[in-house]
Amino acid sequence: MRHPDAPAPGELLGAHYEQCFGCGGEQSHGLHLEARAGVGVTVTAEFTVRPAHQGAPGLAHGGVLATALDETLGSLNWLLRTIAVTGRLETDFVLPVPVDTVLYLEAEVTAVAGRKIYSTATGRIGGPDGPVAVRADALFVEVKVDHFIDNGRPEEIRAAMNEPDQIRRVRAFEVNP
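Predicted, not measured: the structure shown is a model, and the values here were computed from it.

**Student:** Summarise the nonpolar core; cite the residues concerned and give the values.
**Tutor:** Counting residues in each nonpolar core, the largest one holds 35 residues, and the members touching the most others are Leu33, Phe47, Leu73, Leu103 and Leu105. Of all the secondary-structure elements, those providing two or more residues to this core are strand E1 (34–37), strand E2 (42–48), helix H1 (62–80), strand E4 (102–113), strand E5 (116–125) and strand E6 (132–142). For this core, the leading source of residues is H1, giving nine residues. Setting aside anything within four residues of it in sequence, one finds Phe47 in contact with Leu31, Leu33, His53, Val64, Leu65, Ala68, Thr101, Val102, Leu103 and Leu105.

Here it is in structure tokens:
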């Protein structure tokens, strides 16, 4: 179930951490993925494939596409108000995605069982009605914030913990493996 304090449908979720490769604004070659809350436990997101995201000449790297799916799927946890990490990500690459293409992503939670959160996502070329280029199914596992504190770089953990904005402080620890 969607948490009662989750952002309203249509609301931009914003970066969970400014240094995040997927959604952070301070990563010059990052995806700068922008996710919006949907109805129920769904999100939509978009990112534009840039030359820095290439694998083969003129095409998005598969790892970048998997990252976009993982970031979108991870954003669902903000609607549950749960700190969770990626336990499994199964990705299907259906079509090549050219550089300068906007990839439109949709994700939803399909089940929750104890600490396990199951979800699925689809990436379409050009918009919500475009051809399917990538798909993923994921398992996220709920963790305590200690997971990040015990495993992260101490200086970055301290900086995130000292963030004066309480929401940004909490979100810094929401979707990392």
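Moving on, there is more to tell.
**Student:** Help me get a handle on the environment of Val94, residues and values and all.
**Tutor:** Relative to the elements of secondary structure, Val94 occurs in the loop between strand E3 (84–93) and E4. On the accessibility criterion, Val94 (38% relative accessible area) is partly exposed. Spatially, the C-alpha atom of Val94 lies 9.6 Å from that of Gly123, the residues being 29 residues apart in sequence. When residues no more than four places from it in sequence are discounted, the contact partners of Val94 are Val132, Ala133 and Arg135.

**Student:** Requested: an account of unusual backbone geometry, with residues and values cited.
**Tutor:** For Arg81, which is not a glycine, the phi torsion comes out positive at approximately 55°. Note that Arg81 resides in the loop between H1 and E3. A positive phi angle, close to 75°, is found at Asp100, a residue other than glycine. Among the secondary structure elements, Asp100 is positioned in the loop between E3 and E4.

What counts, and where the lines are drawn
Residues numbered from 1 in each chain as written. Predicted model: local features only at pLDDT ≥ 70, side-chain atom pairs only at ≥ 80, totals over all residues. Heavy atoms only, no water. Core = buried A, V, L, I, M, F, W, Y, C linked by side-chain atoms within 4.5 Å. Buried < 20%, exposed > 50% of the residue type's maximum accessible area, 1.4 Å probe, protein only. Helix = DSSP H or I, 4+ residues; strand = E, 2+ residues; numbered from the N terminus. Contact = heavy atoms within 4.5 Å.

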